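The lines below spell out each chain.
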Amino acid sequence: MTIIFPRQNESAQRTVCGTLIRGRYPKHPQAEPSSETDLQGKRVKAVFYRTEAGGEPVRAWLKSLPSREDRKRIGEDIKTVEFGWPVGMPVCRSVGGGIYEVRSDLAQNRIARVLFYFDRNGRMVLLHGFIKKTRKMPEEDLELARRNKKKHGRSQ
C-alpha cells in the first residue's frame with residue numbers, strides 16, 4: 001500500500017488513528033530530529049513514561065508478562081506505530097484527550113492495550129499498559145493514563 005501525502009498546507013482529508021481530519025493538514029506530530037540517525041527510519045520515537053521516583057510503569061508491566069511471545073507481539077505493534085505513524089485501526093485508535101491506544105491481540109484470546117500520547121517534542125510517550133478483560137475500556141486505566149500524561153507534561 002502506498003500512502004501519498006499532499007504538500008504542507010494543501011487541502012485534503014485523512015484518517016489518524018480512526019479520526020477523520022479534514023481541511024489543511026496539521027503539522028506532523030514529530031519534532032525535527034537534530035540528525036538523521038536520531039530516528040533511524042522511524043516517523044516517531046517511543047519513550048517510556050518515567051515517574052518522579054524514576055520507575056517506568058510500562059516497561060515494568062511488559063517485563064512482568066509471563067509470555068515472551070506476548071512481549072514480542074506488543075513490541076511489534078509499538079514498532080508498527082513508530083515506523084508507520086499515522087496508523088489507524090486495527091493497530092491504533094484514539095481514546096480521546098490526545099491519548100491513543102496501541103491494540104495488540106495476544107495468544108489465548110487475550111487483548112493488550114498500551115496507552116500513549118505525543119509530547120511537545122513529538123515523541124510517543126508510553127503511559128500505561130494493561131490486559132483487557134472486558135469489551136469496554138476500563139475507566140481506571142484511562143484515568144491513570146490521563147494522570148501520567150499530566151505529570152509528564154509538567155515535567156517537560
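Keep in mind that this is a model prediction, so the values were computed, not measured. Numbers given for residues are sequential positions, taken from 1 along each chain in its written order. Local features in a predicted model are, by the rule used here, given only for residues with pLDDT of at least 70; side-chain atom pairs are given and counted only at 80 or more, and totals for whole chains, interfaces and linings are based on all residues. Note that water and hydrogens are dropped before the side-chain values are worked out from all heavy atoms of the structure.

**Q** So what exactly am I meant to see when it comes to the confidence of the model for the protein here?
**A** In low-pLDDT segments, the atomic positions of the prediction should not be examined closely. Averaged over all residues, the pLDDT of the protein equals 80, while 74% of them reach at least 70. Across the chain, each position has a pLDDT score giving the predictor's confidence in that residue, from 0 to 100. In what follows, a contact means two residues having at least one pair of non-hydrogen atoms within 4.5 Å. The low-confidence segment residues 1-37, where pLDDT is below 50, has 57 contacts with residues more than four positions distant or belonging to other chains.

**Q** Looking at this structure, how should I read unusual backbone geometry?
**A** Backbone geometry follows two general trends: most residues other than glycine have a negative phi, and most peptide bonds adopt the trans configuration. Backbone torsion omega between Trp-85 and Pro-86 reads 0°, so that peptide bond is classified as cis. Secondary structure follows DSSP: runs of H or I at least 4 residues long count as helices, runs of E at least 2 residues long count as strands, and numbering of each begins at the N terminus. Of note, Pro-86 is situated in the loop between helix H2 (68-84) and strand E4 (92-96). The backbone phi angle of Gln-108 is positive, close to 60°, even though this residue is not glycine. Here Gln-108 is to be found in the loop between strand E5 (99-106) and strand E6 (110-118). Positive phi, close to 55°, is recorded for Asn-109, a residue that is not glycine. Mapped onto the fold, Asn-109 is located in the loop between E5 and E6.

**Q** Would you mind going over the side chain of Asn-148 with me for this structure?
**A** You can see Asn-148 is positioned in helix H3 (residues 139-155). Each residue's exposure class comes from its accessible area (1.4 Å probe, protein chains only) as a fraction of the maximum for that residue type: buried when under 20%, exposed when over 50%, partly exposed otherwise. You can call Asn-148 buried: its relative accessible area is 5%. Other than its neighbours up to four places away in sequence, Asn-148 contacts Tyr-49 and Leu-127.

**Q** Is there a simple way to explain the environment of Gly-88 in this structure?
**A** Tracing the chain through its elements places Gly-88 in the loop between H2 and E4. For Gly-88, a relative accessible area of 23% translates into the label partly exposed. Sequence separation between Gly-88 and Val-102 is 14 residues; the distance between their C-alpha atoms is 9.7 Å.

**Q** Looking at this structure, how should I read the nonpolar core?
**A** The nonpolar side chains of a soluble globular protein tend to be buried, and buried together. Core analysis: the largest hydrophobic core is formed by 21 residues, its most contacted members being Ile-74, Val-81, Trp-85, Val-114, Phe-116 and Met-124. Elements represented by at least two residues in this core include exactly helix H1 (57-64), H2, E5, E6 and strand E7 (124-132). Take this core: its biggest share by element is four residues, from E6. Side-chain atoms within 4.5 Å link the members of a nonpolar core, which is a set of buried Ala, Val, Leu, Ile, Met, Phe, Trp, Tyr and Cys residues. Tyr-49, Val-95, Tyr-117 and Val-125 belong to the second-largest nonpolar core, a separate cluster that totals twelve residues.

**Q** Please explain a positive patch on the surface as it appears in this structure.
**A** A cluster of like positive charges, contributed by Arg-147, Lys-150, Lys-151 and Arg-154, occupies part of the molecular surface. Assignment of secondary structure puts Arg-154 in helix H3. On the basis of relative accessibility, which here comes to 61%, the residue Arg-154 falls in the exposed class. Candidate patch residues must exceed 30% relative accessible area and have no salt bridge, after which like charges are joined if within 9 Å and Val, Leu, Ile, Met, Phe, Trp or Tyr side chains if within 5 Å. Each accessible area is a Shrake-Rupley estimate made with a 1.4 Å probe; only the visible protein chains count as cover when residues are assessed. The term salt bridge refers to a side-chain nitrogen of Lys or Arg lying within 4 Å of a carboxyl oxygen of Asp or Glu. By the counting scheme adopted, Arg and Lys are positive, Glu and Asp are negative, and His together with the chain ends is not counted. A charge is said to be at NZ when it belongs to Lys, at CZ for Arg, at CG for Asp and at CD for Glu.

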